[in-house]
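Chain by chain, the residues:
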Amino acid sequence: MAVSPQIPQLTPKDYGSDQDVRWCPGCGDYSILSQMKKTLAALQIPREKCVFVSGIGCSSRFPYYMNTYGFHSIHGRAPAVATGLKISRPELSVWVATGDGDGLSIGGNHLIHAIRRNVDINIILFNNRIYGLTKGQVSPTSEFGKKTKSTPWGSVDNPVRPLSLALGVEATFVARSIDVHVKHLAEVLEAAARHKGTSFVEIYQNCNIFNDGAYLYATDRSLKFDNIIELQHGQPLRFGKNNEKGIRFKDYHLEVVTIGEEGVTEDDLLVHNEEREDPSLAFLLANMSYPQFPEPIGIFRRVERPSYETLIQEQIQEVQQKQGKGTLESLLYSGETWTVE
Amino acid sequence: MTSTASTDVAKIKKQIEEITRATVRFAGDSGDGMQLVGDQFTTSSVIFGNDVATLPDYPAEIRAPAGSLAGVSGFQIHFGGTEIYTPGDKVDALFAMNPAAMKVNLGDLEKGGLLVVNKDAFTKENLEKAAYESNPLEDGRLKEYKVLAIPITTLNREAVEGLGLDRKAMDRCKNFFTLGLAFWLYDRPLEPTLNWLQQKFAKKPDILEANTRSLKAGYHFGETSELIVNAYKVHKAKIAPGTYRKVNGNEATAIGLIAASLLSGKPLFYGSYPITPASDILHYLSEKKEYGVITFQAEDEIAAVCGAIGAAFGGALGTTGTSGPGMALKTEGIGLAVMTELPLVIINVQRGGPSTGLPTKTEQADLFQAILGRNGECPVPVLASATPADCFHMAVEACRIALQFMTPVILLTDGYIANGAEPWRIPALEELPPIDVPYWTQTGSNGFKPYLRNERLARPWAVPGTPGLEHRIGGLEKQHITGNVSYDPQNHEYMVRLRDEKVNGIQEDIPLVEVNGGDSGELLVVGWGGTYGAIMTAVEQLQEENKPVSSIHLRYLNPFPKNLGSILSRFKKILVPELNLGQLRYVLRSKYLVDAAGFNKVQGKPFQVNEIKQAILDALEAE
């Protein structure tokens, strides 16, 4: 079908702003920016309907580089700003760009509550496991024992697992991807955009200045097959260079098995079901960590639940249908009144 | 009033005494329903045609131990046939439901005043809880008062017997017995309360019946019992013609926000986190869905203000309300709204501070916080309501300024006016002009410039969804006109000065302040916020005594009205009464180089008229 000349197709480039991108050369953020533009073009979301909201940090510069509406707010508060925006303007496509420090440390509270309310926003968490903009302090996702400028003797903080946190508050869409895994990233972003309700996406993102190689195990050609497992709905969990390994659910635990060894067949493997109402299995998947386990990428959970802004609007409509819309006169003269002559 | 004092009330003859005004206080346990009784007495009084002012006074604990001094809750109402500006200093009648309530409040009862107590509550246990070594009803120490010791619990139980209620439920009605008695004493109509009961308990017929019986039993007890003192007749007040309703400050604030939303055609968004004494604004607004109001009970104070900022970016009238500690948390968000130049209204119902302070008590100590309390050069317009009903007008004003100037605006009220009620003359619709602030839609030939300004220095409000106006804003310094991020030193200073000039320019759009009394002379009393009633009454009373005193009351605190400086310069002495250590005085001294003196009280309580009068007399005498 020919495209109508009145409505020119938007290309990824159309979603880029005229501002110079100021991330460090080699930063994983570039890849995320470019997949985001592709995703919006794939969905043909009008530029004026898109709003990117961010907090503070390298990732939070994201809105400046998108030729859409954007709000670079204050540290950690993007989910709250986005919630206010979305519940007043439900028709907008609202995105939150945040990082591990912004979203999980200073803004942890807002992240939790946006997710549990199921506001229809897409939260993209750039996880580089370090504070970049402030030049290299330990972050809430930095591994235990990590030496940084603020932890010269090694971090004694137990790290948070972003997806486990999101599942703990019953996020309706939970996914993970990797900055350099561009095709996969675009697919995940598109699925997030299509989901009605809060979409929470963690992206493994390399900070080549302050935490270079943090995800080498997941991105290096020779290592990634053993350390990454791609989740596919309805498919058994298999990984390895020749797809020879898998994940088995046994005695309430997950374990790595090799097909053909000790009588293990594909039938023994856990089959991924992203639509499972109970988030417990997804939680187990989210807790799979390198080096004990391969780390899953893809969609962990995708379930339907009414979104917050819809419920708010429905309540308002219901009252207005029942009582009629209020006017200035009805407002001022409500309650007990009396007249003085 | 007579000075007859007796505990043997049987001998007192019943007669009707005509009075112009009276102050009554109801006191009991915080679970005794004293606030409700006070509220009903107020409604009945305004409908009868009196002017009123009220002062609820309740403890921070919801249910402190029954009968304890810490758990006493009170409600004071001053009503009369003349204009009433304050809830009254001393009370003419005290209704005390137990010994603790009597003990806490007795000091405020006028000598010769009426003391009504529930005799049944003066048990050994309750007397001990109130630290009375002997029963004050029997040991003669109340001889300065007219005491009516009535077995309210017993009489009330008799009244509600046979309805199948248990003891606890029966006793819960005894506040209505007390109310009924008070209605009889002051010749108030029962109908408003009966109507209220009908609505409130429509689905609980037994409770409705019990409370109705209690109310009537109390009333009839006054009417038929021989055991009663004078009843009073308070004439209707000469009030300006119009239609009235009773409002407290929090209600009036909420109504003002909705009115501003209707007047501007912008949907109202109210983000809030529960906090005393501001929560009632949230409660009121959550009910008003027919006006399209969106209320967002956020996870914290920060999310409440940030949600409102997000909503404002989307084109809503973004508002948030809180009290002092919550203001502290919202500070960074307010700075963001200053930088992004979005309309936002922040309401601070001030309470005693610092920190958690005195959550249920009033204070005016957040003025510095409002004017100055942010990082960077961060000017924010500050308004303050003078009375409960004035909260309506100032809420509309705060929204108007926020929308017309694209700026956050802080509205200060306080616990005293937030919970205090008065009759409000409902403004005619034509007294409320529309707030005409259209969204920006023009793209311009060189593209959209989000920081281009109009004659008020307000930037355009371009909301998401408008094609061609896509733009980015944020907390980083903006380049003049383009709104792009800019670290340029000259641009930064320019923008700092521009934001300051914009807020100062609001002076052109606010009313001049009016002097009450001669507009030059010996002494000018300068007040702001909720102290209006006490200051006004004190000044008028002294003016009647021909004392050389005038007063002004400031409702616009940043910027000040244009004529303030010249008014100040025309008086020899300036006295600034405040419920803080002198914050307005500090600002006036620094801004106008005037030798203003302060009269300051920080007790969590409002000023009494006599205190202000004395301070004025002292100031007049001072060299």
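Residues numbered from 1 in each chain as written. Chains lettered and ligands numbered in written order. Predicted model: local features only at pLDDT ≥ 70, side-chain atom pairs only at ≥ 80, totals over all residues.

In this section: the confidence of the model for chain B. Residues and elements named next belong to chain B. For chain B, per-residue confidence averages 94 on the pLDDT scale, and residues scoring 70 or more make up 97% of the total. Throughout residues 1-13 the model reports pLDDT below 50, and contacts reaching past four residues in sequence, or to other chains, amount to 20 contacts. Reported confidence for the predicted complex is 0.97 by ipTM and 0.92 by pTM. (pLDDT = per-residue confidence, 0-100. Contact = placed C-beta atoms within 7 Å.)

A few words now on the sheet that holds strand β17 (residues 472-474) of chain B. One open sheet accounts for nine strands, arranged β7(A)-β11(A)-β5(A)-β6(A)-β4(A)-β3(A)-β1(A)-β2(A)-β17(B); its pairing is mixed. Edge positions in the sheet fall to β7 (228-230) of chain A together with β17 of chain B, since each has one partner strand and no second. Recorded for the sheet is a direction-independent mean angle of 20° between the axes of neighbouring strands. Bridging between strand β5 (residues 173-178) of chain A and strand β11 (residues 295-302) of chain A involves four bridges; their strand directions are antiparallel. Residue pairing in the sheet places A:A175 in a bridge with A:I299 of β11(A). (Pairing = 2+ DSSP bridges. Helix = DSSP H or I, 4+ residues; strand = E, 2+ residues; numbered from the N terminus. Axes fitted to C-alpha atoms, helices over the stretch in contact; angles between N-to-C directions.)

So, about helix α10 (residues 308-323) of chain A. Residues and elements named next belong to chain A. Relative to the 22 Å expected for 16 residues at 1.5 Å per residue, α10 spans 23 Å between its end C-alpha atoms, a close match to the ideal helical length. Turning to α10, its buried residues are Y308, E309 and I312. For α10, the arc enclosing every buried residue in end-on projection is 105°, short of the 170-degree limit, so these residues lie on one face. Residues E314, Q317, E318, Q321 and K322 are exposed on α10 and point more than 90 degrees away from its buried face. (Expected span 1.5 Å × (residues − 1). Buried ≥ 20, exposed ≤ 12 C-beta atoms within 10 Å, placed from the backbone. Arc of directions from axis to C-beta.)

Turning our eyes to something else, we now look at the interface of chain A and chain B. Each partner contributes residues to the interface: chain A has 49 residues there, and chain B has 54 residues. Contributing elements (two or more residues each) for the side of chain A that touches chain B: β2 (69-72), α2 (78-88), α4 (108-117), α10, α11 (328-332) and β12 (337-340) of chain A. When the residues that make up the side of chain A that touches chain B are grouped by side-chain class, the tally is 21 nonpolar, 19 polar and nine charged. For β12(A) and strand β9 (residues 242-248) of chain B, the ladder comprises four bridges, and the chain directions are antiparallel. Bridging from a neighbouring strand, A:T337 pairs with B:R245 of β9(B). (Nonpolar A, V, L, I, M, F, W, Y, C, P; charged D, E, K, R; others polar.)

Tracing the backbone through its elements, the reader meets A:Q313 in helix α10. Each C-alpha atom of the pair A:Q313 and A:S88 lies 8.8 Å from the other, and the pair is 225 residues apart in sequence.

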